Amino acid sequence: MDLFEHAMQERLQKEAPLAARMRPRTLEEFVGQEEIVGEGKLLRRAIQEDKLFSSIILWGPPGTGKTTLARIIANYSQSHFDAISAVMAGKQDLRRVIAEAKERRSLNNKRTILFVDEVHRWNKAQQDALLPSIENGLIILIGATTQNPYFDVIPALVSRSRIFSLKTLSEEQLSIILGRALKDKERGYGDHAVAIDAEARAHLLQISGGDARSLLNALELAVESIQPDENGGIKINLQIAQDAIQKRAIRYDRNGDEHYDTISAFIKSVRGSDPDAALYWLAKMLHAGEDPRFILRRLIILAGEDIGLADPQALQVATSSAYAFEYIGLPEGVFPIVEATLYLATAPKSNSALGYFKAQKLIEEQGAEIVPLHLMDASRDAKAFGHGIGYRYPHDHEGHFTPQQYLPDAVMGKQFYSPSDQGREAQIAEQLNRWRQVQKKYLQEIAISKKKRGT
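Definitions and cut-offs
- Residues numbered from 1 in each chain as written.
- Predicted model: local features only at pLDDT ≥ 70, side-chain atom pairs only at ≥ 80, totals over all residues.
- Heavy atoms only, no water.
- Helix = DSSP H or I, 4+ residues; strand = E, 2+ residues; numbered from the N terminus.
- Rg over C-alpha atoms; globule rule 2.2 N^0.38 Å.
- Buried < 20%, exposed > 50% of the residue type's maximum accessible area, 1.4 Å probe, protein only.
- Contact = heavy atoms within 4.5 Å.
- Areas by Shrake-Rupley, 256 points an atom, 1.4 Å probe, with all protein chains shown as cover.
- Lys, Arg positive; Asp, Glu negative; His and termini not counted.
- Charge placed at Lys NZ, Arg CZ, Asp CG, Glu CD.
- Salt bridge = Lys/Arg side-chain N within 4 Å of Asp/Glu carboxyl O.
- Pairing = 2+ DSSP bridges.
- Right-handed = clockwise from strand over helix to strand, strands pointing away.

Draft legend 1. Representation of the overall build of the chain. Scanning the chain for helices and strands turns up 21 helices and seven strands. Computed over the C-alpha atoms, the radius of gyration of the chain is 31 Å, more than 25% above the 23 Å expected from 2.2 N^0.38 for a compact globule of 455 residues. Counting only residues that meet the buried cut, the chain has 42% of its 455 residues in that class. Long-range contacts, defined as pairs at least 24 residues apart, comprise 72% of the intrachain contacts of the chain with a sequence gap of at least 6. A total of about 25800 Å² of accessible surface is found on the chain, and carbon and sulfur atoms cover 53% of it. Across the chain, the 57 positively charged side chains and the 59 negatively charged ones have centroids separated by 6 Å.

Structure, rendered in structure tokens:
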């Protein structure tokens, strides 16, 4: 690097966006992802000891530190570090990197680490072209992707790499990053006398959605767009924070009453079959930065508790939407959440699953009875103790049903499940009623027979 290029690099560094200037350079500066780079973790040790000998793929949402972690690895390693973007680079660029890596290895015995940002954007042929160099150890790959690598990266590349999943940053972690940017005099705004009021700070942390880059970009826009006061100070209030991040603040404390009250209104609206109200409360929660996974978990619970067998598809829709969200992420991931909300809100309702708690209460009050002899496992003690003797195999009978005793004597005839007259459960209720009539008659005969025997 000559003098002019060095000067240009310094100028670019100073003029770079705040998020780029504040990028951590060491593991000590890195915030979040303790599960993979915390003290004593395998990847952290490999980085510190420069022993990253196998390829890795960093998978996570935007702004969680994938590129930063790759740059930190470069700072710790004696290997040559190359970085390319899969969006811009093609096979020709990859051929150049491989050729230079071969020359570097033959002349200086120096390894090459190649960072490929958005690696999932390469097509199969481009990813295949990288395989031989990874296979023979010429190149150590660090791939970064926002998409699930098990779907969007070819299996051969995935099998040759360790997958590390990065999580969205918590508000506490974002607060650390924000604090550093405000205090750092060299790379941040430490010499700008920036003051952020509590409401504005909370808004920026919530609406950033765990994305450090989004947070720092909003802070930069706010600071650079404000005229300093007569004392040179820059004050950021809620209105400025809203303008900077282009989202209006919503009264919503994710750990307080508003959080619980809003999710309560949402669930009650879905249970009450009001899709319009359900969408309103859903929009409020997502706009305020509520964790979509929390909402999806509640929808899955509702599908079992409030719909059940009235529409057995409801649980499948809810769980599928949770899976789809993990695969897509925000912002597009809102669509499976909306679909699940609308499906459950308009589905027939039944809370017959609560029959379980009737059985649970009975066991708590009376204790658990022993299993009737004919229902016991015949494969173990049939000869010695008669286990399983007298059991009637339903499939040997017409309609694959035959009446027999399934409950212990002490609770014989008890009914815990009460099907509703909604949706598919209405058909179940009709069929179950026929079975129960036959069963009731049979159990009465059994009871009389046992009474006569004195048992």
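Draft legend 2. Structural view of the pattern of salt bridges. In the structure shown here, the tally under the stated rule is 17 salt bridges. For the salt bridge of Lys 51 with Glu 49, the shortest nitrogen-to-oxygen distance reads 3.7 Å. A salt bridge links Glu 326 to Arg 293; the nearest nitrogen and oxygen atoms lie 2.6 Å apart. Here Arg 293 lies in helix α16 (residues 292-307) and Glu 326 lies in helix α17 (residues 313-328), a separation of 33 residues in the sequence. For Glu 326, a relative accessible area of 43% puts it in the partly exposed group. Under the relative-accessibility criterion, Arg 293 is labelled partly exposed at 31%.

Draft legend 3. Examining the pairing of strand β3 (residues 112-117) more closely. Judged by how many residues are buried, β3 sits mostly within the fold: five of six residues are covered. Where strand β2 (residues 80-85) meets β3, six bridges bridge the pair, whose relative direction is parallel. Bridge pairing in β3 links Ala 83 to Phe 115. Between the parallel pair β2 and β3, the chain is carried across by helix α6 (residues 91-108), and the sense of this crossover is right-handed. As defined by bridge partners, β3 adjoins strand β4 (residues 139-145) across six bridges and the pair is classed as parallel. By the bridge assignment for β4, Val 116 is matched with Gly 143.

Draft legend 4. Geometry of unusual backbone geometry. Cis geometry is found at the peptide bond from Leu 330 to Pro 331, where omega equals 10°. Following the sequence through the fold, Pro 331 ends up in the loop between α17 and α18 (334-346). In this model, Ser 273 sits at a positive phi of 60°, which is unusual for a non-glycine residue. Turning to its location among the elements, Ser 273 is positioned in the loop between α14 (257-271) and α15 (275-287).

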